[in-house]
Amino acid sequence: MPPTTPHAGKFNSCPPYSNNNHPAPQSPYRSHTAPKPSRENVYNGAYSVAENPYDVPQPHAAYRSSSVSSVNANEHHYSSSCAISGNPYSLPQPQSPRQHSTSCPGRAYRHTSNCSSSSSDQSCRNSGSSTKARLYGHSITASYGEMCYHDNSLVSASLEALIQHLVPTVDYYPDRSYVFTFLLSSRLFLHPYELMTRVCHLCVEQQRSGDALLDKIRFREVAPKLVQLLTEWTETFPYDFRDERMMRCLKDMTLQVARGDEYSWRAMQQMTQRLIKRLSALGQYEEAVAALNAVAQERPASLKSKQTSAQRSDILSMCDDPFVLAQQLTHIELDRLSFIGPEEFIQSFAMKDPLENHKGFFRKRKTSNLEAYVNWFNRLSFLVATEICMPVKKKHRARIIEFFIDVAQECFNIGNFNSLMAIITGMNMSPVARLKKTWNKVNTDKFEILEHQMDPSSNFSNYRTALRGATQRSETAHSSQEKIVIPFFSLLIKDIYFLNEGCANRLPNGHINFEKLWELAKQVSEFLVWRQVICPFDRDRRILQYLVTTPVFTEDELHLASYESEGPENNMEKDSR
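Residues numbered from 1 in each chain as written. Predicted model: local features only at pLDDT ≥ 70, side-chain atom pairs only at ≥ 80, totals over all residues. Heavy atoms only, no water.

Enquirer: Honestly, the side chain of glutamine 347 in this entry has me stumped. Any pointers?
Expert: Examined against the element boundaries, glutamine 347 turns out to sit in helix α10 (residues 343–347). Here the side chain of glutamine 347 touches arginine 187 through a polar contact of 2.9 Å, side chain to side chain. Contact partners of glutamine 347, with chain neighbours within four places excluded, come to Arg187, Asp240, Lys366 and Thr367. (Helix = DSSP H or I, 4+ residues; strand = E, 2+ residues; numbered from the N terminus. Polar contact = N/O pair within 3.5 Å; in protein donor to acceptor, adjacent residues only side chain to side chain. Contact = heavy atoms within 4.5 Å.)

So, in structure tokens, the structure goes:
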């Protein structure tokens, strides 16, 4: 058999954390005892409840200069020249889950040590069932039929060979890392329904010998492995089965298994029940998000005018503790992350489906949950800007700015980088940034440190350093709170997009560039680990409802509210108004 492939990632769920030994942090914004929030209306069952009044350390306000050397290219990390003193994420660099070379053969079609270079190209071409190996220095390139390996790692193969490599037999089952990687990225080359049909057909046909009794015995032996493969598929990529053709194929295989092995048939039944339950939860989630968005887009009369909108409840009347608000933001982030399918990252730039007009469940947009999460980021940014521009009094506006700075700090400490960046984005929107008289009343030292941490220069090197530290903390965590890692999502999408665009799907010899598929799987598998964390904080339904449903200003309304707060200072602003 060909050498085994390296493990691409772990997918362990995280239990909720409970700790009642820490006192709840006191809010600097609380001038009196606020009434206990109501817990009645929104998000019925949308979030898991766990009590944890967790005392988070405050971030340090001083910079330190450190020279962080560039790390190994196969980990896709970046160097940083600055960091925050006492940064809770200044931890040792995590090790890559893959130890083999991951240089992309799509760029300049490989360097000479890899199998698709001119010196080794011939050893990777079609060679029937022969095995060839070549030694280059201390590395070995070998081909097994139409599959090419470098240092025991699959680097390229024909599509047919990759499909065959996925098919289990009586004495063979593909590595879990290979199953995940190929199921994730195969949609760049063929439809999931086509892949499933071919895999199931090959698995059945390989057991045929012409003797009906022998065929039944052989299929009974391979059935548990086929069930295992389908179980991995349905649990990792359940949204593929919103296609009614996938469900029909699954039903057909259930009937096929039932004729040979009762144990495997029962396993198929249980697997199907779990799949239906997951798809039902997805449908309910999408309906709930659509309903919440409809409520948020209603334009009440109180939002039309700045004077009347001042009578509306604001964020400080809803929650005056930045730590609590950061916790509720983390609830929303983790909830929406949990419904993003890993395949959505690939389908966002996959080839147009030639069967797009097929009538069935699959007509729904294949990246809807990913897009909904990006829309949440935009909403939070506009909510921050609305809360700042809405008050009539300058003192009140400055107080809200200081409050959101503290919320951003708490998000950083928790590991919620997406909410952190959304808050910074909202505070840097031009209607907010131009309020100079308001900003003069704000101590901006903490805000400048947070901006520095999320500075986009050098490809967000400071943020990437903090993300690596948060990931390392998560891997060695002793509590659910330490497991939380919520990345700046738009940058994650951009990284995956440029990885896809910067590397060729196929090599000059027609093979699929599997090293690229390894790298795509590596980035997506990290996301899968992050999204499985259960939020350990108490949820407050009243605050959650406010965050996801309260109407926000449009961009034009933000500018008008800003000019009403502080008049235009130059001709450009006068023309804009």
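Enquirer: Got a minute to help me understand the packing of aromatic side chains in this structure?
Expert: The relation between two aromatic rings is expressed through the spacing of the ring centres and the mutual angle of the planes. Across all of its chains, the model carries 19 aromatic pairs by this definition. For the ring pair phenylalanine 345 and phenylalanine 489, a centre distance of 5.7 Å and an interplane angle of 55° mean the geometry is tilted. Remark: phenylalanine 489 occurs in helix α19 (residues 489–502) and phenylalanine 345 occurs in helix α10; sequence separation between them is 144 residues. With respect to burial, phenylalanine 345 and phenylalanine 489 carry one shared label: buried. Here phenylalanine 417 and tyrosine 463 contribute two aromatic rings whose centre-to-centre distance is 5.5 Å and whose plane-to-plane angle is 80°, an arrangement assigned as edge-to-face. Here phenylalanine 417, found in helix α13 (residues 417–427), pairs with tyrosine 463, found in helix α17 (residues 457–475); they are 46 residues apart in sequence, far enough to count as distant. No difference in accessibility class separates phenylalanine 417 from tyrosine 463, as the two residues are buried. Each residue in the set Phe377, Phe412, Phe417, Phe460, Tyr463 and Phe488 is aromatic and connected to the rest through ring pairs, giving one cluster. Directly above the ring of tyrosine 193 sits arginine 245, whose terminal nitrogen or CZ lies 4.9 Å from the centroid. (Phe/Tyr/Trp six-rings, centres within 6.5 Å; stacked < 30°, edge-to-face > 60°. Buried < 20%, exposed > 50% of the residue type's maximum accessible area, 1.4 Å probe, protein only. Lys NZ or Arg CZ within 6 Å of the ring centre and 35° of its normal.)

Enquirer: Looking at this structure, I do not really get the packing of α17 against α19. What am I missing?
Expert: In a packed pair of helices, the relevant descriptors are the angle between the two axes and the axis-to-axis distance. As a packed pair, α17 and α19 sit with axes 12 Å apart at the nearest point and diverge in direction by 125°. Judged by the angle between their axes, α17 and α19 are oblique. Once α17 is placed against α19, the crossing between them reads as left-handed. Judged by residue contacts, Asn459, Phe460, Tyr463 and Arg464 of α17 engage Leu491, Lys494 and Asp495 from α19. Partitioning the contact of α17 with α19 into residue classes produces three nonpolar, one polar and three charged. (Axes fitted to C-alpha atoms, helices over the stretch in contact; angles between N-to-C directions. Parallel < 35°, antiparallel > 145°, perpendicular 65-115°, else oblique. Left-handed = near helix turned anticlockwise from the far one by under 90°. Nonpolar A, V, L, I, M, F, W, Y, C, P; charged D, E, K, R; others polar.)

Enquirer: Even after reading the chapter, I still don't get α19, so can you show me in this structure?
Expert: Along an α-helix, residues three or four positions apart point the same way, because every turn accommodates 3.6 residues. Taking 1.5 Å of rise per residue, the 14 residues of α19 would be expected to cover 20 Å, and the 20 Å separating its terminal C-alpha atoms lies within 8% of that figure. Along α19, the residues that are buried comprise Phe489, Leu491, Leu492, Asp495, Ile496, Leu499 and Asn500. Each element contacted by the buried residues of α19 is listed here: α9 (322–338), α10, α11 (368–389), α13, α17 and α20 (514–531). (Expected span 1.5 Å × (residues − 1).)

Enquirer: How do you make sense of unusual backbone geometry when you look at a structure like this?
Expert: In most cases, non-glycine residues show a negative phi, while peptide bonds are predominantly trans. We note that serine 458 has phi near 55°; this positive angle belongs to a residue other than glycine. Mapped onto the secondary structure, serine 458 falls in helix α17. A positive phi is found at phenylalanine 460, a non-glycine position, where the angle reads about 55°. Note that phenylalanine 460 resides in helix α17.

Enquirer: Which parts of the structure should I look at to understand a nonpolar patch on the surface?
Expert: A cluster of nonpolar side chains, contributed by Leu213, Leu214 and Ile217, occupies part of the molecular surface with about 270 Å² of accessible area. Note that leucine 213 resides in helix α4 (residues 212–236). In this structure leucine 213 comes out as exposed when scored by relative accessible area, which is 60%. (Patch = residues over 30% accessible without salt bridge, like charges linked within 9 Å, V, L, I, M, F, W, Y side chains within 5 Å. Areas by Shrake-Rupley, 256 points an atom, 1.4 Å probe, with all protein chains shown as cover. Salt bridge = Lys/Arg side-chain N within 4 Å of Asp/Glu carboxyl O.)

Enquirer: Just to check I follow, could you spell out the environment of threonine 236 for this structure?
Expert: The topology assignment puts threonine 236 in helix α4. Between the alpha carbons of threonine 236 and leucine 184 there is a distance of 9.2 Å; along the sequence they are 52 residues apart. A distance of 2.9 Å separates the side chain of threonine 236 from the backbone oxygen of glutamate 232, its partner in a polar contact.

Enquirer: Sorry, what's going on with helix α21 (residues 541–549) here?
Expert: Across the nine residues that make up α21, a large majority, seven, are buried. Its buried side turned inward, α21 meets α6 (262–296), α8 (315–318), α9 and α11. Put simply, aspartate 540 is the residue that caps the front of α21, since its side-chain oxygen is 3.0 Å from the backbone nitrogen of arginine 542.

Enquirer: Honestly, the environment of proline 342 in this entry has me stumped. Any pointers?
Expert: Secondary-structure assignment places proline 342 in the loop between α9 and α10. In this structure the C-alpha to C-alpha distance between proline 342 and leucine 528, which are 186 residues apart in sequence, comes to 7.2 Å. If we ignore the near neighbours within four places in the chain, the residues touching proline 342 are Leu184, Thr236, Phe237, Val524, Leu528 and Arg531.

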